[in-house]
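Commentary on secondary and tertiary structure
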Amino acid sequence: MMQDSDIKFLEDSFKKYYFEHFDLIRVQERTSEREFGYQKFNSGMTRHIQIKDDRELHLLFMQNIPSDVYCSNAYYSFPNLPMNEKDWKEADLIFDIDAKDLNLPCRENHTISICNECSQVSNDSGQCRKCNSTKLEKKSLPCKNCIDSSKIQVEKLSEILVDDFAIDKENIHVYFSGNEGFHVYVYNSQFQKIGSRERSELSDYIMLRGAIPETFGMKKIKSNRSSFPDFDDSGWKGRFSKYVFGTKSKRSKIISELLVNGYSSFQKTLDDVSENIGVKIDPNVTMDVHRIFRLPGSINSKSGLTKILCKDLAKFDPYTEASFLSDDTVEVFANSPIEFKLKNKKFGPYKNEKVTIPTFAAVYMICKKLARIA
């Protein structure tokens, strides 16, 4: 549990942000048809709230000082009623891409364990060295490689949405999640009214999950060379060709090898293709038509950074563009073995020491459980 002084500091910092930056809060279209919810520090979720306009939303922020605010991708007739009485109409399509799901080798360099019993920070993942507790919580301070790798997945996803599903680029909005990934929203598409099962199938396609050899020309008996995909094929067949054959001149030779190696070996090749060029989205997020998502413009309490629209994904740097909290300095006890960078300034590593740092850095560390107010 967080100390009262830490909660008070975070609430004051968040309140100041919401007072000064309400223009960043994006109330989604058809506001009154959506369900809103919020959490406060050290308390549960309050949801099934209906908001009519910006003024009502502003009031919610000022009266409650939430740690996190959420809004549904779904549209309902009665968003304030219990789930089975809301009368679901449709939902925007949302994809979640998170660095933690990418299995990046850099993660072990910036992931630490924090003991929930005695707050000891260590690199151990099994047991606390100080009190032997096994109640350890992992915290990551994502690096540039994490963000860049997530961006690559966003670009792959956008390409599939445009090329394979004919979604207008203007209807695809990319948001930094406020912690270590991106949320990709698809508005006004032909998929607005599809349910969970169809969204799950859509996710499988995007991830290239459950692909079978027959789709790519390989049969259990009597495979035909001419049925293998070519470079000019649309969708996954074209992507498969580019990844597996590499160049047009190698295509014939590689098909011969695939035929010799047989069906089960081809399935392994397909699994490799899926792992390397399938898009790493969280399918549970996409298929959930009743989920409430972090509200764009609101602060993520896991980091103190803002969920914000990325106008130019390639140039976007979350550690400068999503850090809006105050530069006012504050004294904290810091215990962060990992160096991090915010607003072009470096912080850490700190070892159980009292330091004076800007509010934005203090909030980041307190949210990560690596500091407390002195």
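Small disclaimer: the values here were computed from a predicted structure and weren't measured.

Some thoughts on the environment of Cys118
- Mapped onto the elements, Cys118 comes out in the loop between strand S7 (111-115) and strand S8 (121-122).
- Note: C-alpha distance between Cys118 and Ser133 (15 residues apart in sequence) is 8.5 Å.

Quick look at the pairing of strand S10 (residues 172-176)
- Most of S10 is tucked away: 4 of the 5 residues are buried.
- Both S10 and strand S11 (residues 181-186) contribute to a ladder of 5 bridges, which runs antiparallel. In the strand pairing of S11, Ile172 is matched with Val186.
- Hairpin connection of S10 to S11: 4 residues between the antiparallel strands, including Gly178 at a positive phi of 100°.
- Relative to strand S15 (residues 308-309), S10 runs antiparallel, the two being bridged by 2 bridges.

With respect to the domain arrangement of the protein chain
- Annotation of the protein chain at the domain level lists domain 1 (4-102 + 143-204 + 282-325) and domain 2 (209-277).
- A straight line from the C-alpha centre of domain 1 to that of domain 2 covers 37 Å.
- Counting from both sides, the interface comprises 7 residues of domain 1 and, opposite them, 6 residues of domain 2.
- In total, domain 1 and domain 2 occlude about 540 Å² of area from one another, counting both sides; carbon and sulfur atoms represent 33% of this.
- One can count 3 salt bridges joining domain 1 with domain 2.
- Put simply, Asp204 and Arg209 hold a salt bridge, and the shortest N to O gap is 2.9 Å.
- Joining domain 1 to domain 2, the criterion identifies 3 residue pairs in polar contact (both at pLDDT 80 or more).
- Tallying contributions element by element places helix H3 (residues 144-163) first for the side of domain 1 that touches domain 2, with 4 residues.
- Across the side of domain 1 that touches domain 2, the residue classes break down as 2 nonpolar, no polar and 5 charged.

Things to note about helix H6 (residues 251-261)
- What H6 keeps buried is the set Arg251, Ile254, Ile255 and Leu258. Along the long axis of H6, the arc covered by the buried residues comes to 105°, so they all point the same way. Exposed side of H6, more than 90 degrees from the buried face: Lys253 and Val260 are the residues found there.
- On the buried face of H6, the contacting elements are helix H5 (235-245) and helix H7 (263-277).

Some points on the UniProt feature "active site" (unreviewed entry) in the protein chain
- When the UniProt feature table is mapped to this numbering, "active site" (unreviewed entry) covers Asp96, Asp98 and Asp282. Spanning 187 residues, the annotated positions come together in the fold, the maximum distance between their C-alpha atoms being 7.9 Å.
- When you line up the elements, Asp96 lands in strand S6 (residues 93-98).
- In this view, Asp96 contacts Phe182, His183, Lys280, Ile281, Asp282 and Val285; residues no more than four positions away in its chain are not counted.
- Among the polar contacts made by the side chain of Asp96, one reaches the side chain of His183 at a distance of 3.5 Å.

So, H3
- Compared with the 28 Å implied by 1.5 Å per residue over 20 residues, the 29 Å span of H3 between its first and last C-alpha is a close match.
- Taken together, the buried positions of H3 are Cys146, Ile147, Ser149, Ser150, Lys151, Gln153, Val154, Leu157, Ser158, Ile160 and Leu161.
- Summarising the contacts, the buried residues of H3 are in contact with S6, S10, S11, helix H4 (196-207), H5 and helix H9 (318-321).

Comments concerning the layout of surface pockets
- Taken as a whole, the second largest pocket spans an internal volume of roughly 340 Å³.
- Around the second largest pocket sit 15 residues that line it, and Ser158, Lys169, Ile172, Val174 and Cys310 are the ones nearest its centre.
- When contributions to the lining of the second largest pocket are tallied by element, the ones reaching two or more residues are H3 and S10.
- The element best represented in the lining of the second largest pocket is H3, accounting for 5 residues.
- Per-class residue counts for the lining of the second largest pocket are 7 nonpolar, 2 polar and 6 charged.

About the criteria used
- Residues numbered from 1 in each chain as written.
- Predicted model: local features only at pLDDT ≥ 70, side-chain atom pairs only at ≥ 80, totals over all residues.
- Heavy atoms only, no water.
- Helix = DSSP H or I, 4+ residues; strand = E, 2+ residues; numbered from the N terminus.
- Buried < 20%, exposed > 50% of the residue type's maximum accessible area, 1.4 Å probe, protein only.
- Pairing = 2+ DSSP bridges.
- Domains from an automatic or database assignment.
- Contact = heavy atoms within 4.5 Å.
- Buried area = accessible area lost by both parts, 1.4 Å probe.
- Salt bridge = Lys/Arg side-chain N within 4 Å of Asp/Glu carboxyl O.
- Polar contact = N/O pair within 3.5 Å; in protein donor to acceptor, adjacent residues only side chain to side chain.
- Nonpolar A, V, L, I, M, F, W, Y, C, P; charged D, E, K, R; others polar.
- Arc of directions from axis to C-beta.
- UniProt positions renumbered as here; feature names shortened; annotations may be inferred.
- Expected span 1.5 Å × (residues − 1).
- 1 Å grid on protein atoms, 1.4 Å probe; cavity = no way out; pocket = protein on both sides within 12 Å on 5 of 7 lines; lining within 4 Å.
- Points joined across faces, edges and corners; volume = space filled by probe spheres on them.

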